[in-house]
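One letter stands for each residue in the lines below.
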Amino acid sequence: MHPKDLVTSTFRQRFDKEPTFVALAPGRVNILGEHVDFNDGFVLPAAIDRATYIAFAPAESGSEHSTLVAVDFGEEASFTLESIATKTNTDGAALPEWATYPAGVAWALKESSLTVPAIQAVFASDVPRGAGLSSSASVEMAFAIAWQTLSKWELPPMQRALLGQKAENQYVGVNCGIMDQFASACGISGKLLLLDCRSLEWQVLPVPEDVAIVIADTCVRRKLTDGAYNQRRQACEDAVKILSQHLPSVKALRDVSVDDFNRLSDQLPGVVEKRARHVVEEIERSRRAIPLLEQGNIREFGQIMNECHASLRDLYEVSIPELNVMVEIAQSLPGCLGARLTGAGFGGCTANLVEKSVAEAFAAELAQQYEGKTSLKPEIYICKASDGARLV
Ligand code: GLA
């Protein structure tokens with residue numbers, strides 16, 4: 001059953017009435033600019049046609065209890081604004097992990113003095129979890145729409161994204177950047193989104209007519225990697241601390257040119273040097289790549305995606321063998337313009353730009369060869385860049 005129908009029918013069964021509203025918030029695929037959002041770099045994601053769906057209604061009048069049903073987990077949680085502060089259900093038990101995302105959004109809204117009405121909600125998603133497609137940001141943005149709909153306030157999408165990021169940073173405990181929530185909140189159908197993560201200015205770029213975005217899921221799931229993500233972010237901060245002693249104007253790795261970095265790289269401890277080199281060069285790659293995309297020079301753009309993968313594999317070290325196999329096969333197939341892992345890494349999906357005329361054949365061949373090499377059945381699909389979080 002499609003998640004939209006699933007959340008509606010589950011809502012009916014659980015609450016014995018129709019939901020007042022249904023909303024969705026998409027996942028995202030990132031095409032270029034990986035692990036640079038928290039270094040003030042540039043990212044180039046698109047919202048995808050897979051989303052978290054939420055059916056919801058205000059809680060019974062007078063009740064302060066929000067009741068949440070997570071269809072994908074077969075579980076329920078219930079919280080109040082008070083129990084959220086201690087990350088507990090109303091019965092005192094710890095909130096299940098999945099509930100920390102909506103609870104975190106409620107917490108962040110409250111911190112901003114926005115009202116958070118008690119809610120009855122059922123949600124489900126067809127964004128695979130732990131696959132690098134931002135399922136958690138899509139849950140956050142779906143709940144942000146729900147609470148906005150039931151309140152008198154209205155925030156621009158970027159503000160909702162920032163609150164989602166705050167929830168994840170300060171409530172869930174993942175020190176992520178702004179890219180995922182931004183893409184889920186601000187997606188535009190048929191477009192790539194180019195975000196300057198320092199100024200938060202953004203614009204859209206077209207997906208070229210004759211190019212398909214193909215997402216290839218290795219079906220290896222990322223596990224317990226928040227630590228590795230946060231460690232890498234810390235390494236970037238350590239690099240800034242050291243480099244700014246030599247270059248006082250440096251506030252983030254975005255402010256370091258490749259030349260300056262090469263000149264000063266022996267000041268950095270080995271692992272810090274590798275992580276920071278990825279970031280400095282990736283930001284330089286996006287500076288080169290954006291005009292290529294604007295000019296429609298998708299071949300050279302694709303080469304830059306390939307370079308990005310190598311750097312994530314060798315310098316930032318967030319790839320795994322299955323992602324490398326998926327990328328190597330893709331890059332060898334006719335019609336493939338560029339292929340790389342997408343998202344945080346450690347499992348999940350690759351993003352591929354492919355000539356549209358051969359995209360189906362590419363997907364079939366990629367699936368077959370990947371299964372042959374890994375004995376894992378991948379999921380490969382042609383994705384449509386989509387609109388951001390909204391009522392449906
Ligand atoms: C995760 C984070 C993002 C970003 C990517 C890597 O998806 O949530 O903020 O850092 O990893 O580019």
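The structure reproduced in this document is the subject of the present report. As the structure is a prediction and not an experimental result, all values here were calculated from the model. (Residues numbered from 1 in each chain as written. Predicted model: local features only at pLDDT ≥ 70, side-chain atom pairs only at ≥ 80, totals over all residues. Heavy atoms only, no water.)

Topic: the pairing of strand 3 (residues 45–58)
Next up, step 1: Counting buried positions along strand 3 gives 12 out of 14 residues, so the element sits mostly inside the fold.
Next up, step 2: Relative to strand 3, strand 1 (residues 21–30) runs antiparallel, the two sharing nine bridges. Bridge pairing in strand 3 links Val22 to Ala55.
Next up, step 3: Strand direction decides the pairing type here: strand 3 and strand 6 (residues 119–125), joined by seven bridges, are antiparallel. Bridging from a neighbouring strand, Tyr53 pairs with Ala124 of strand 6. (Buried < 20%, exposed > 50% of the residue type's maximum accessible area, 1.4 Å probe, protein only. Helix = DSSP H or I, 4+ residues; strand = E, 2+ residues; numbered from the N terminus. Pairing = 2+ DSSP bridges.)

A closer look at the nonpolar core
Next up, step 1: Of all hydrophobic cores here, the largest spans 134 residues; its most connected members are Ile31, Leu44, Trp147, Leu253 and Phe301.
Next up, step 2: Per-element tally for this core: the top contributor is helix 9 (residues 270–294), with nine residues.
Next up, step 3: Core analysis: the next-biggest nonpolar cluster, separate from the first, contains 12 residues, Val7, Phe11, Phe15 and Ala57 among them. (Core = buried A, V, L, I, M, F, W, Y, C linked by side-chain atoms within 4.5 Å.)

Details of the site of the ligand
Next up, step 1: In the region of the ligand, the neighbouring residues are Arg28, Glu34, His35, Asp37, Phe38, Cys176, Gly177, Met179, Asp180, Tyr229 and Ala344.
Next up, step 2: Arg28 is positioned such that a nitrogen or oxygen atom in its side chain is 3.0 Å from an oxygen atom of the ligand.
Next up, step 3: A distance of 2.5 Å separates an oxygen atom of the ligand from a polar side-chain atom of Asp37.
Next up, step 4: Within the complex, the protein chains bury 94% of what would otherwise be the 300 Å² of accessible surface of the ligand.
Next up, step 5: Tallied by class, the residues present in the shell around the ligand amount to five nonpolar, two polar and four charged. (Near = heavy atom within 4 Å. Polar contact = N/O pair within 3.5 Å; in protein donor to acceptor, adjacent residues only side chain to side chain. Areas by Shrake-Rupley, 256 points an atom, 1.4 Å probe, with all protein chains shown as cover. Nonpolar A, V, L, I, M, F, W, Y, C, P; charged D, E, K, R; others polar.)

Considering the pairing of strand 8 (residues 202–206)
Next up, step 1: Direction of pairing for strand 7 (residues 191–196) relative to strand 8: antiparallel, over a ladder of five bridges. Within the sheet, the bridge partner assigned to Leu192 lies in strand 8 and is Leu205.
Next up, step 2: The antiparallel hairpin formed by strand 7 and strand 8 contains five residues in its connecting segment, where Leu200 sits at a positive phi of about 65°.

Focus: a nonpolar patch on the surface
Next up, step 1: A contiguous nonpolar surface patch, about 220 Å² in accessible area, is contributed by Ile188, Trp202 and Val204.
Next up, step 2: If you trace the backbone, Val204 turns up in strand 8. (Patch = residues over 30% accessible without salt bridge, like charges linked within 9 Å, V, L, I, M, F, W, Y side chains within 5 Å. Salt bridge = Lys/Arg side-chain N within 4 Å of Asp/Glu carboxyl O.)

Some details on the sheet that holds strand 11 (residues 349–355)
Next up, step 1: The antiparallel open sheet is built from four strands, whose spatial order is 10-11-9-12. At either end of the open sheet lies a strand with only one pairing partner, and these are strand 10 (336–341) and strand 12 (379–383). The mean inter-strand angle of the sheet, taken between neighbouring strand axes irrespective of direction, is 20°.
Next up, step 2: The sheet strands contacting helix 10 (residues 298–314) are strand 9 (211–217), strand 10 and strand 11, and the helix crosses strand 10 at an angle near 25°. (Axes fitted to C-alpha atoms, helices over the stretch in contact; angles between N-to-C directions. Contact = heavy atoms within 4.5 Å.)

So, the packing of aromatic side chains
Next up, step 1: Evaluation of the coordinates by the stated rule reveals nine aromatic pairs.
Next up, step 2: Between Trp98 and Phe123, the ring centres sit 5.8 Å apart and the planes meet at 55°, which makes this aromatic pair tilted. In this pair, Trp98 is assigned in the loop between helix 2 (81–85) and helix 3 (100–111) and Phe123 in strand 6, connecting sequence segments 25 residues apart. Comparing Trp98 with Phe123 shows no difference in burial state: the two are buried. (Phe/Tyr/Trp six-rings, centres within 6.5 Å; stacked < 30°, edge-to-face > 60°.)

What about unusual backbone geometry?
Next up, step 1: Residue Ser113 is not a glycine yet carries a positive backbone phi of 60°.
Next up, step 2: Summarising the element assignment, Ser113 is placed in the loop between helix 3 and strand 6.
Next up, step 3: In this structure Ser113 comes out as exposed when scored by relative accessible area, which is 66%.
Next up, step 4: The backbone of Leu200 shows a phi angle near 65°, a positive value even though the residue is not glycine.
Next up, step 5: With relative accessibility at 25%, the residue Leu200 sits in the partly exposed group.

Observations concerning helix 6 (residues 179–186)
Next up, step 1: In terms of residue burial, helix 6 counts as a mostly covered element, since eight of its eight residues are buried.
Next up, step 2: All buried positions along helix 6 are accounted for by Met179, Asp180, Gln181, Phe182, Ala183, Ser184, Ala185 and Cys186.

Description of the pattern of salt bridges
Here the idea is simple: oppositely charged side chains can pair when their charged atoms come close.
Next up, step 1: All chains considered together, the criterion is met by 22 salt bridges.
Next up, step 2: In this structure, the salt-bridge partner of Arg313 is Asp314, at a minimum N-O distance of 2.8 Å.
Next up, step 3: With a relative accessible area of 32%, Arg313 lands in the partly exposed category.

Digging into helix 9
Next up, step 1: When the terminal C-alpha atoms of helix 9 are compared, their 36 Å separation across 25 residues agrees well with the 36 Å that a helix rising 1.5 Å per residue should span.
Next up, step 2: Gly296 sits one or two positions beyond helix 9 and adopts a positive phi of about 80°. (Expected span 1.5 Å × (residues − 1).)

A word on the sheet that holds strand 2 (residues 42–43)
Next up, step 1: One open sheet accounts for three strands, arranged 2-7-8; its pairing is antiparallel. In this open sheet, the two strands that pair with only one neighbour each are strand 2 and strand 8.
Next up, step 2: In this sheet, strand 7 lies alongside strand 2 in antiparallel orientation, the contact comprising two bridges. In the strand pairing of strand 7, Phe42 is matched with Asp196.

Bear in mind that shape data such as this cannot, by itself, settle questions of function.
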